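Working through the structure, step by step
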Amino acid sequence: MFTKQFEIRWNDLDANMHLANASYMNFMSHTRMAFFEEFGFSLHEIAKHELAPIVFYEHIYYFKEAHIGDPITVGLEVTGLSGDGMFFSIEHNFYDERAKNIAHCEMLGAWMNFKTRKLTHLNDELMACASRFPKSKDFKILTKADTRKYQKRPIDLNL
């Protein structure tokens, strides 16, 4: 498991004086970018290929509160990757200083070409980097069906 350590700052809190939902998302995003950098997907490298990672969903489950000054560890495991590298799924786990799991997140993301604004597969060079990702014990090759499992569609307002 890839991990990154953080300390909860006052601006990470919500009105209940515990770690805010948005802060969980920021810590996960920071951890993902550190992970990608370690495996050849630095911001410079993906910009060279006109790529940007995007998130389709993050489902977060909270188990225990975290407070100001608490050290936390954010874990990352790659649970899926499509055959062409376009889609990826990741699980994040948050741990307190006693290694107790305080939150869990399942996310689905993809790579977008930031010029065309369309989803895109990884080229051979980046696929070679992605093939080195450490994989979870339940890792799977993602199919299109996996990316549509929740069947959510936009519902516009009737104005």
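Everything numeric in this text was worked out from a predicted model, so none of it was measured.

1. Quick look at the overall build of the protein
Regarding its fold elements, the protein presents four helices and seven strands. At 17 Å, the protein has a C-alpha radius of gyration in line with the 15 Å of a compact globule built from 159 residues. With the C-alpha coordinates aligned to their principal axes, the bounding extent of the protein is approximately 50 × 45 × 30 Å. The contacts in the protein between residues at least 6 apart in sequence include a share of 70% that link residues at least 24 apart. Surface accessibility of the protein: about 9,500 Å² in total, with carbon and sulfur atoms responsible for 54%. For the protein, the centre of its 19 positive side-chain charges and the centre of its 21 negative side-chain charges are spaced 6 Å apart.

2. Looking at unusual backbone geometry
Phi at Met17 is positive, roughly 65°, even though this residue is not glycine. Counting through the fold element by element, Met17 comes out in the loop between strand S1 (2-7) and helix H1 (21-38). At Glu50, a position not held by glycine, the phi torsion is positive, near 60°. Here Glu50 is to be found in the loop between helix H2 (43-48) and strand S2 (51-62). Judged by its relative accessible area of 29%, Glu50 is partly exposed.

3. Quick notes on the pattern of salt bridges
Overall, the coordinates contain eight salt bridges when judged by the stated rule. Salt-bridge contacts for Glu58 lead to Arg32; the nearest nitrogen and oxygen are separated by 3.0 Å. Linking Glu58 in strand S2 with Arg32 in helix H1, this pair joins segments that are 26 residues apart in sequence. The class of Arg32 is buried, set by a relative accessible area of 7%.

4. Regarding the packing of aromatic side chains
Throughout the structure, instances matching the rule amount to 17 aromatic pairs. Plain terms: the ring middles of Phe39 and Phe133 are 5.9 Å apart, the flat faces sit at 90° to each other, and that makes the pair edge-to-face. One end of the pair, Phe39, is in the loop between H1 and H2; the other, Phe133, is in the loop between helix H3 (124-130) and strand S7 (135-142), and 94 residues separate them in sequence. Taking relative accessible area as the criterion, Phe39 reaches 11% and is therefore assigned buried. Linked through ring pairs, Phe2, Phe35, Phe36, Phe39, Phe41, Phe88, Trp111 and Phe133 together constitute an aromatic cluster. A cation over a ring is seen here: Lys135 above Phe139, with NZ or CZ 5.4 Å from the ring centre.

5. Details of the side chain of Glu45
Its place among the elements puts Glu45 in helix H2. Each residue touching Glu45, except ones within four places of it in the same chain, is listed here: Gly40, Glu125 and Leu126.

6. Some thoughts on the environment of His18
If you trace the backbone, His18 turns up in the loop between S1 and H1. On the basis of relative accessible area, His18 is assigned to the buried category, the value being 18%. Residues His18 and Ile46 lie 28 residues apart in sequence; the distance between their C-alpha atoms is 35 Å.

The rules behind the values
Residues numbered from 1 in each chain as written. Predicted model: local features only at pLDDT ≥ 70, side-chain atom pairs only at ≥ 80, totals over all residues. Heavy atoms only, no water. Helix = DSSP H or I, 4+ residues; strand = E, 2+ residues; numbered from the N terminus. Rg over C-alpha atoms; globule rule 2.2 N^0.38 Å. Contact = heavy atoms within 4.5 Å. Areas by Shrake-Rupley, 256 points an atom, 1.4 Å probe, with all protein chains shown as cover. Lys, Arg positive; Asp, Glu negative; His and termini not counted. Charge placed at Lys NZ, Arg CZ, Asp CG, Glu CD. Buried < 20%, exposed > 50% of the residue type's maximum accessible area, 1.4 Å probe, protein only. Salt bridge = Lys/Arg side-chain N within 4 Å of Asp/Glu carboxyl O. Phe/Tyr/Trp six-rings, centres within 6.5 Å; stacked < 30°, edge-to-face > 60°. Lys NZ or Arg CZ within 6 Å of the ring centre and 35° of its normal.

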